[in-house]
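# Descriptive analysis of the structure
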Amino acid sequence: MLQNVFTWIWLASGVLLMISVLLHSPKGDGMGGLASSGSSMFSSARSAEATLNRITWTLLAVFVGLATALSAGWFKL
């Protein structure tokens, strides 16, 4: 049961990680283009990119951590 829950979290983090990587722009502005509109929750393109970087790194840590734990069998009871 517990292994199934962590497997689903691992799969979801993998999908979200792919989406967050694809949101990055190859020129470095990423979601900064969205921040140019007046009704944005980001104050600048730099903060939008920083936020996207934090999200991406967090998802990467969750994905790699769960991949390691699931492959080692730490959640099998």
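Since we're looking at a predicted model, the values are computed, not measured.

The rules behind the values
Residues numbered from 1 in each chain as written. Predicted model: local features only at pLDDT ≥ 70, side-chain atom pairs only at ≥ 80, totals over all residues. Heavy atoms only, no water. Helix = DSSP H or I, 4+ residues; strand = E, 2+ residues; numbered from the N terminus. Buried < 20%, exposed > 50% of the residue type's maximum accessible area, 1.4 Å probe, protein only. Contact = heavy atoms within 4.5 Å. Areas by Shrake-Rupley, 256 points an atom, 1.4 Å probe, with all protein chains shown as cover.

### A short note on the overall build of the protein chain
Helix and strand counts for the protein chain come out as two helices and zero strands. A total of 77 residues make up the protein chain; the buried ones form 23% of that total. For the protein chain, the share of sequence-separated contacts (at least 6 apart) that also reach a separation of at least 24 residues comes to 58%. When the accessible surface of the protein chain is summed, it comes to about 5500 Å², and 70% of that surface belongs to carbon and sulfur atoms.

### Looking at the environment of Phe-75
Here Phe-75 is to be found in the segment after α2 (45-72). The class of Phe-75 is buried, set by a relative accessible area of 18%. Distance in space between the C-alpha atoms of Phe-75 and Leu-2 is 6.4 Å, their sequence separation being 73 residues. Excluding residues that lie within four positions of it along the chain, Phe-75 makes contacts with Leu-2, Gln-3, Phe-6, Leu-66, Ala-69 and Leu-70.

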